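# Breakdown of the fold
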Amino acid sequence: MIFNLAADLIVLAHLGFVVFVMGGGLLALRWRRLAYLHIPAALWGAWIEFAGWICPLTPLENHLRRLAGEAGYAGGFIEHYVTRVLYPAGLTTTVQVALGAAVVLVNGIVYWAYFARRQKARPA
């Protein structure tokens, strides 16, 4: 039971990280210092997708699931949880690159707005 709960907590943390990677820049518009955490997180999230790697939280979740007597799964977090909902045909390299590009594009726009707003706020 404890391993199952731990695996579920890892899934929630992983999901929270994915949401933070995609939308944390919007929070940084309000709380500027959050950008110091979000930019590295967004870069990591994009790199994982571009490189076709698996986040280290995925093997940890699988290990905890096996200790709980459940079956683990092959592939990554996005492939197992998100892709089945959004992309039923499966995760391909093209989809992974598109996800990485979405991270870069969304956050690029947010941080462009962030820095443009900071420039306007500076006295001339």
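Residues numbered from 1 in each chain as written. Predicted model: local features only at pLDDT ≥ 70, side-chain atom pairs only at ≥ 80, totals over all residues. Heavy atoms only, no water.

### What to know about the overall build of the protein
When helices and strands are counted, the protein shows five helices and zero strands. When the helices and strands of the protein are listed from N to C terminus, the series reads α-α-α-α-α. The burial tally for the protein puts 29% of its 124 residues in the buried class. Considering only contacts in the protein between residues 6 or more positions apart, those separated by 24 or more positions represent 63%. Here the protein displays about 8100 Å² of accessible surface, and carbon together with sulfur accounts for 72% of that area. (Helix = DSSP H or I, 4+ residues; strand = E, 2+ residues; numbered from the N terminus. Buried < 20%, exposed > 50% of the residue type's maximum accessible area, 1.4 Å probe, protein only. Contact = heavy atoms within 4.5 Å. Areas by Shrake-Rupley, 256 points an atom, 1.4 Å probe, with all protein chains shown as cover.)

### Notes on the pattern of salt bridges
Taken as a whole, this structure holds two salt bridges when the rule is applied. Its salt-bridge partner being R65, residue E61 comes within 3.1 Å of it at the nearest N-O pair. With E61 and R65 both in helix α3 (residues 57-67) and four residues apart, this pair spans about one turn of that helix. R65 matches E61 in its accessibility class, with the two residues each being buried. Residues joined by salt bridges that share partners form a network here, namely D8, E61 and R65. (Salt bridge = Lys/Arg side-chain N within 4 Å of Asp/Glu carboxyl O.)

### Regarding the nonpolar core
Core analysis: the biggest nonpolar cluster contains six residues, these being F20, V21, A41, A42, A46 and V103. The set of elements that each furnish at least two residues to this core consists of α1 (2-30) and α2 (35-51). Take this core: its biggest share by element is three residues, from α2. (Core = buried A, V, L, I, M, F, W, Y, C linked by side-chain atoms within 4.5 Å.)

### Some details on the confidence of the model for the protein
Low-pLDDT stretches of the model should not have their predicted coordinates read in fine detail. With 83% of its residues at a pLDDT of 70 or more, the protein shows a mean pLDDT of 81. Within the protein, helix α4 (residues 77-86) has the poorest average pLDDT of any element, 57, and α2 the best, 91. (pLDDT = per-residue confidence, 0-100.)

### Focus: a positive patch on the surface
Together, R32, R117, R118 and R122 give the surface a local cluster of positive charge. As for its position among the elements, R117 is in helix α5 (residues 93-121). Taking the relative accessible area as the measure of exposure, R117 reaches 40% and is therefore partly exposed. (Patch = residues over 30% accessible without salt bridge, like charges linked within 9 Å, V, L, I, M, F, W, Y side chains within 5 Å. Lys, Arg positive; Asp, Glu negative; His and termini not counted. Charge placed at Lys NZ, Arg CZ, Asp CG, Glu CD.)

### Let's talk about α3
Those residues of α3 lying buried are T58, E61, N62, L64 and R65. With its buried residues spanning 165° around the axis, α3 presents them on a single face. At the exit of α3 stands G69, carrying a positive phi of roughly 90°. (Arc of directions from axis to C-beta.)

### Some details on the packing of aromatic side chains
Under the definition given, this model contains three aromatic pairs. With centroids separated by 4.9 Å and ring planes inclined at 75°, the aromatic side chains of Y114 and F115 adopt a geometry described as edge-to-face. Taking relative accessible area as the criterion, F115 reaches 42% and is therefore assigned partly exposed. The rings of Y111, Y114 and F115 are connected pair by pair, giving a single aromatic cluster. (Phe/Tyr/Trp six-rings, centres within 6.5 Å; stacked < 30°, edge-to-face > 60°.)

### A look at a nonpolar patch on the surface
On the surface, I2, F3, L5, L9, L12 and L67 cluster together into a nonpolar patch covering about 590 Å² of accessible area. The greatest single-element share of the nonpolar patch, amounting to five residues, is contributed by α1. In this structure, L9 sits in helix α1.

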